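Take a look at the letters that make up each chain.
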Amino acid sequence: MTYSNTYSLKDISEHNHQKSLWVIYNEKVYDITEFAQDHPGGDDILLEYGGKDVTMVMSDMDIHDHSASSFEMMEDYMIGTVKLTEKETLHRRRLEILGQEKESKTFSELDFKPAVTDAQTDVKTNQFLDLNKPLVPQMFQLRFTREHYLEQVHKPRYLNRPADFFGHPLLEPLSKTVWWVVPLFWLPYVGYNLYQSMHYGNLPLTVVFFLFGILIWTLLEYILHRFLFHFDDRMPQHQLMYLLHFVLHGFHHYLPMDRLRLVVPPTLFVVLAYPWISLGHILFPPFMSYGVIAGGMFGYVCYDMTHYYLHHSKVIPFHFREMKKYHLAHHYKDFEVGYGITSKMWDYVFNTVLTYN
């Protein structure tokens, strides 16, 4: 049976309720509205996947084992095929690659702990970096297409030791930062700016400016993560750009559990923060700028500590358990959405919320 009707992912996503329930399976679109009420497992699970691609779910016997007759029955509900843009095709391919990893199904477990990667097998299979050698020199020497680089750098690997980054005795220590260095380095600067703001003699306004600075940081956190660290498909096709991407953020997706490369080294963040701090002093009068900068830098410290906490701790249930699942889903399910670390607020504002099961 063939159908000439084609539907975009946006059109399909709107059919996600009891009155109109569509799903995608193997690039085909199915209207299962009538079938949902007779589904042996109830309609709740079907509504959960309404408007989405169920190819991997239908093929995963750990989630639910479907008989051959159930696949044949689906043909009665087929209404057309999926019409994908080039960007959507790339996105689906990337999701499929992540979905092949065992961790894509276990990341939400409370005691989640990924298995160590076999470096020799990995480099032979994926034709990417050798985890037993310094990584940055390889980025200079090897040649990839942009798509191969993006697919591989976002496919997580795991070592039981810090990776060799530069392979140079002087540069290597600069790439490693233990988590407590961040508050030790930056909180005195926060205190200095608070003191300068309070020096003007209006404590309530200092508090307001401080909170405003924290709010500004939450937006910067989102903007930097989405548009700087994930400038993936906007990246020029040049090896030096891949290297820049790798050093800024690609490494974190490549080895997300490397404890010494999780928080931002102070030397790097000084470079990143200086333009924003200067802009704050230009935009606001002194009594305000000091309070806003103090809040912004405090927000940054909270961000980096939260990021480390989500990756390496059994978090408390309040707020952080959900944010841990949410952030790990960004690593193991879909790295093109879900940019919030400390909260989902700006993901909701800009429609980049990551949904996962």
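The sections below set out a description of the structure shown in this document. The structure presented is a predicted model; accordingly, all values stated were derived computationally and were not measured. (Residues numbered from 1 in each chain as written. Predicted model: local features only at pLDDT ≥ 70, side-chain atom pairs only at ≥ 80, totals over all residues. Heavy atoms only, no water.)

Overview of the overall build of the protein chain
- Assigned secondary structure in the protein chain consists of 17 helices and 5 strands.
- In terms of principal-axis extent, the alpha carbons of the protein chain reach across some 75 × 50 × 40 Å.
- Expressed as a percentage of the 357 residues in the protein chain, the buried residues total 46%.
- Intrachain contacts of the protein chain at a sequence separation of at least 6 include 72% that bridge at least 24 residues.
- Total accessible area computed for the protein chain in this model is approximately 19,100 Å², and 62% of it derives from carbon and sulfur atoms.
- Side chains of the protein chain give 30 positive and 39 negative charges; the mean places of these two sets differ by 8 Å. (Helix = DSSP H or I, 4+ residues; strand = E, 2+ residues; numbered from the N terminus. Buried < 20%, exposed > 50% of the residue type's maximum accessible area, 1.4 Å probe, protein only. Contact = heavy atoms within 4.5 Å. Areas by Shrake-Rupley, 256 points an atom, 1.4 Å probe, with all protein chains shown as cover. Lys, Arg positive; Asp, Glu negative; His and termini not counted. Charge placed at Lys NZ, Arg CZ, Asp CG, Glu CD.)

Let's talk about the nonpolar core
- Counting residues in hydrophobic clusters, the biggest one holds 33 residues, and the most contacted among them are Trp-186, Trp-217, Phe-269, Met-297 and Tyr-300.
- Looking at this core, the elements with two or more residues in it are helix 11 (181–198), helix 12 (203–229), helix 14 (266–283), helix 15 (286–312) and helix 16 (320–332).
- The leading source of residues in this core is helix 15, at 8 residues.
- Discounting residues that sit within four places of it in the chain, Trp-217 has contacts with Leu-224, Phe-269, Gly-296, Gly-299, Tyr-300 and Tyr-303.
- Listed in part, the 21 residues of the second largest apolar core include Ala-119, Phe-128, Phe-231 and Tyr-242. (Core = buried A, V, L, I, M, F, W, Y, C linked by side-chain atoms within 4.5 Å.)

Some points on the sheet that holds strand 2 (residues 16–17)
- On the basis of which strands lie adjacent, the open sheet formed by 5 strands has the order 1-5-4-3-2 and mixed pairing. Of all strands in the sheet, those with a lone pairing partner are strand 1 (6–7) and strand 2, marking the two edges. (Pairing = 2+ DSSP bridges.)

A few points about the pattern of salt bridges
- Taken as a whole and assessed by the stated rule, the structure comprises 12 salt bridges.
- Glu-336 is paired through a salt bridge with Arg-94; the nearest N and O atoms lie 2.4 Å apart. Placement of Glu-336 in the loop between helix 16 and helix 17 (345–349) and of Arg-94 in helix 6 (residues 86–99) is noted, with a sequence separation of 242 residues between them.
- You can call Arg-94 buried: its relative accessible area is 3%.
- When the shortest N-O distance is used, the salt bridge between Glu-172 and Arg-261 registers 2.7 Å. Residue Glu-172 is located in the loop between helix 10 (146–153) and helix 11, and its partner Arg-261 is located in the loop between helix 13 (239–254) and helix 14; the two are separated by 89 residues in the primary sequence. In terms of burial, Glu-172 and Arg-261 fall into one category: buried. (Salt bridge = Lys/Arg side-chain N within 4 Å of Asp/Glu carboxyl O.)

Re the environment of Glu-14
- Locating Glu-14 in the fold gives a position in the loop between helix 1 (9–13) and strand 2.
- Accessibility expressed as a relative area gives 45% for Glu-14, which makes it partly exposed.
- For the pair Glu-14 and Met-297, spaced 283 residues apart in the sequence, the C-alpha separation amounts to 41 Å.

Points about unusual backbone geometry
- Non-glycine residue His-319 carries a positive phi angle of around 65°.
- Within the element layout of this structure, His-319 appears in the loop between helix 15 and helix 16.
- Of the residues examined, His-319 reaches a relative accessible area of 32% and is grouped as partly exposed.

Considering helix 14
- The first and last C-alpha atoms of helix 14 sit 25 Å apart over 18 residues, in line with the 26 Å expected at 1.5 Å per residue.
- Ala-273 marks the point of greatest bend in helix 14, at about 40°, and the proline Pro-275 comes within the next four residues.
- Of the positions making up helix 14, those classed as buried are Pro-266, Phe-269, Ala-273, Ile-277 and Gly-280.
- The inward-facing, buried residues of helix 14 contact helix 11, helix 12 and helix 15. (Expected span 1.5 Å × (residues − 1). Bend = angle between axes of the 7 residues up to and from the residue.)

Regarding the environment of Val-207
- Examined against the element boundaries, Val-207 turns out to sit in helix 12.
- The partly exposed category is assigned to Val-207, whose relative accessible area is 43%.
- The spatial distance from the C-alpha of Val-207 to the C-alpha of Asp-233 is 40 Å, given a sequence separation of 26 residues.

Observations regarding the pairing of strand 3 (residues 20–25)
- Burial runs high along strand 3: 6 of the 6 residues are buried.
- A two-sided burial pattern is seen for strand 3, the buried positions comprising Ser-20, Trp-22 and Ile-24 on one face and Leu-21, Val-23 and Tyr-25 on the other.
- Here strand 2 runs beside strand 3; their pairing, made up of 2 bridges, is antiparallel. Paired with Asn-16 across the bridge in strand 3 is Leu-21.
- In terms of strand pairing, strand 3 meets strand 4 (residues 28–31) through 4 bridges, oriented antiparallel. The residue bridging Tyr-25 from the neighbouring strand is Lys-28, located in strand 4.

Looking at a nonpolar patch on the surface
- Together, Phe-212, Leu-215, Met-345, Val-349 and Phe-350 give the surface a local cluster of nonpolar side chains, amounting to about 430 Å² of exposed area.
- Breaking the nonpolar patch down by element, the ones donating at least two residues are helix 12 and helix 17.
- Mapped onto the secondary structure, Met-345 falls in helix 17.
- You can call Met-345 partly exposed: its relative accessible area is 37%. (Patch = residues over 30% accessible without salt bridge, like charges linked within 9 Å, V, L, I, M, F, W, Y side chains within 5 Å.)

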